[in-house]
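One letter stands for each residue in the lines below.
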Amino acid sequence: MSTDHTSKIVGTVWGLLILNTLGSAGAKTIVPLPRSLIQMVTMGALAVAFTLALAVNLRLRIRASAFVFLLTLLLVPSLISSADLESGFGALFRCARLALFVGTLWLLSRWWDGGLTFVRHHIRMYYVVLGSVAAGAVVSPGAAMPELYGGRLVGALWPLTPPQIGQYAAVITGLAVLLLLGRRTDRVSAAVVIVPALVLLALTHTRTATLGLLIGLVLAIGSLFLTSAAARRFFAWAVLCAAVAAVGFGSALRAWFLRGQSEENFTSLTGRAKVWDALLAAPRTTSEHLFGAGLGDKSFGGLPIDNSWLAVYHEQGMTGVALVAAVIVVLGGVALLRPPSLPRACAIFLISYCAIASYTEAGLGDASPYLLHLAVAASLLTVPAAAPASTPEVPRRPVPRWAQSSEVT
């Protein structure tokens, strides 16, 4: 199989993993899509992704990865807590999905070499997803910005919530900016990604994604500050533009940030804090404290948890929390130990974004876009495999003239 053909299959596998993590719950679409159909498509995408990854890696060649190893260990508390069926058969189904998801990452790890290949796959695939969101907004603006979500942008062709759209837009914007600073793309190509993504991010009014983008870029560009003149120039211009925007558009920015909420609603994080307090106050057995109640839909009492750490604690217990924390610490520690480079900066952006978003979004303990962001970071931090040492050429001894064969005439 040719290298180009294999690369296309790997890119297809990555796109199918992204499709699997788009979810099945969201806004009402222009053409109603039954949830069973959406689940069939997303789960079918994961099955096809695993099959294709296995087809191009039949010899099961994998790279050592602490990230994927920790995700594999995360299956243990997931299975222990789901085995008693307290959360129903759906918990075992989600465990099987997580196992297939992690298995696909193991198969793809063969192509993790510290390069930007998976960054480009990530940008392309999420750009397509955002393209569907923009198309839905053009076809039916009312369905794309319904009153149910306070006029925030949602997916009108595929059920996507404002936080999902904001997350995808923020991630590809940050990665495109870093590729531009590293001169791995031209200005026109970067603008084609950055400008529409920022417009969609603004229409979602997603504060977490905006803060994650800004803080993640500051940390990533800061890692290049001493070695890249382009990074220093960008940072200076960004500070200047931020100062001008704060002075000239302060009231508009404040109104966008508050989204018309009351002070009480804002300080309680749109009601999240009440769910968190109730979850922490609920009685738990020793087994539930250690291993959780089983993989579920990241909700408590019928309300979304919207916090990765509390969702992991609820479903996989303190064991799961320790493993997820180890994922962030290991990836962050490896990134800090790497010498300054563009791949390192992209990894720092993704890790910091996921860490920030984990406070108001769930997903670090199950198959989700956040694990795919971290998988890209892991691929960027992988040390390239050493080229096989060539066999030294043994000097040939000269052959005497009398021993050389001569043509018989």
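Heads up: the structure comes first, above all this text.
Everything numeric in this text was worked out from a predicted model, so none of it was measured.

Novice: Honestly, the overall build of the chain in this entry has me stumped. Any pointers?
Specialist: Check the secondary structure of the chain and you find 17 helices and 2 strands. Burial analysis of the chain (409 residues in total) assigns 46% to the buried set. Within the chain, contacts between residues separated by at least 24 positions form 76% of all contacts whose residues are at least 6 apart in sequence. On the chain, roughly 20500 Å² of surface is accessible, and the fraction owed to carbon and sulfur atoms is 68%.

Novice: Sorry if this is basic, but what is going on with the pattern of salt bridges here?
Specialist: Close approach of charged atoms allows side chains of opposite charge to pair. If you walk through the whole model with that rule in mind, you get 3 salt bridges. The salt bridge involving E315 is made with K298; its shortest N-O contact spans 3.1 Å. In this pair, E315 is assigned in helix α15 (residues 308-337) and K298 in the loop between α14 (286-291) and β1 (299-300), connecting sequence segments 17 residues apart. In this structure, K298 engages D366 in a salt bridge whose closest nitrogen and oxygen atoms are separated by 3.0 Å. Of this pair, K298 sits in the loop between α14 and β1 while D366 sits in the loop between α16 (342-357) and α17 (369-381), and the two are 68 residues apart along the sequence. We classify K298 as buried; its relative accessible area is 17%.

Novice: Would you mind showing me how to read the packing of helix α2 (residues 35-55) against helix α4 (residues 89-108) here?
Specialist: Between two packed helices, both the angle of their axes relative to each other and the distance between the axes serve to describe the pair. Where α2 contacts α4, the two axes come as close as 9 Å, and the packing angle between them is 35°. As for how α2 packs across α4, the hand of that crossing is left-handed. Listed contacts from α4 to M43, L46, A47, A49, F50, A53 and L54 of α2 are F93, R97, L100, F101, G103, T104, L107 and L108.

Novice: Is there a simple way to explain a positive patch on the surface in this structure?
Specialist: A cluster of basic residues, R183, R187, R232 and R233, forms a positive patch on the protein surface. Secondary-structure assignment places R232 in helix α10 (residues 229-248). By relative accessible area, R232 is classed as partly exposed at 35%.

Novice: Is there a simple way to think about the packing of aromatic side chains in this case?
Specialist: Geometry of an aromatic ring pair is reported as the spacing of the ring centres plus the angle between the planes. Tallying each qualifying case throughout the model produces 4 aromatic pairs. Note on W14 and F118: the rings are 5.2 Å apart at their centroids and 70° apart in plane angle, and the pair reads as edge-to-face. Taken together, the positions of W14 in helix α1 (residues 3-20) and F118 in helix α5 (residues 117-139) put the pair 104 residues apart, joining distant regions of the chain. F118 carries the same exposure label as W14, and that label is buried. Ring centres 4.6 Å apart and planes at 25° place the aromatic pair Y126 and Y168 in the stacked group. Linking Y126 in helix α5 with Y168 in helix α7 (residues 162-181), this pair joins segments that are 42 residues apart in sequence. We note that Y126, like Y168, is buried.

Novice: I tried to follow unusual backbone geometry on my own but got confused; where do I start?
Specialist: Trans is the prevailing form of peptide bonds, just as negative phi is the prevailing case for residues other than glycine. The phi torsion at R183 lies on the positive side, around 60°, for a residue other than glycine. Considering the arrangement of structural elements, one finds R183 in the loop between α7 and α8 (187-204). Positive phi outside glycine occurs at D306, with the angle close to 55°. Within the fold, D306 resides in the loop between β2 (303-304) and α15. D306 gets classed as partly exposed once you look at its relative accessible area, which sits at 21%.

Novice: Where do I start with the side chain of S368 in this structure?
Specialist: With respect to the helices and strands, the residue S368 is situated in the loop between α16 and α17. Among the residues examined, S368 registers a relative accessible area of 6% and is labelled buried. Setting aside its immediate chain neighbours within four residues, S368 contacts T21, F101 and G363.

Reading guide: rules and limits
Residues numbered from 1 in each chain as written. Predicted model: local features only at pLDDT ≥ 70, side-chain atom pairs only at ≥ 80, totals over all residues. Heavy atoms only, no water. Helix = DSSP H or I, 4+ residues; strand = E, 2+ residues; numbered from the N terminus. Buried < 20%, exposed > 50% of the residue type's maximum accessible area, 1.4 Å probe, protein only. Contact = heavy atoms within 4.5 Å. Areas by Shrake-Rupley, 256 points an atom, 1.4 Å probe, with all protein chains shown as cover. Salt bridge = Lys/Arg side-chain N within 4 Å of Asp/Glu carboxyl O. Axes fitted to C-alpha atoms, helices over the stretch in contact; angles between N-to-C directions. Left-handed = near helix turned anticlockwise from the far one by under 90°. Patch = residues over 30% accessible without salt bridge, like charges linked within 9 Å, V, L, I, M, F, W, Y side chains within 5 Å. Lys, Arg positive; Asp, Glu negative; His and termini not counted. Charge placed at Lys NZ, Arg CZ, Asp CG, Glu CD. Phe/Tyr/Trp six-rings, centres within 6.5 Å; stacked < 30°, edge-to-face > 60°.

Geometric values such as these leave the question of function open.
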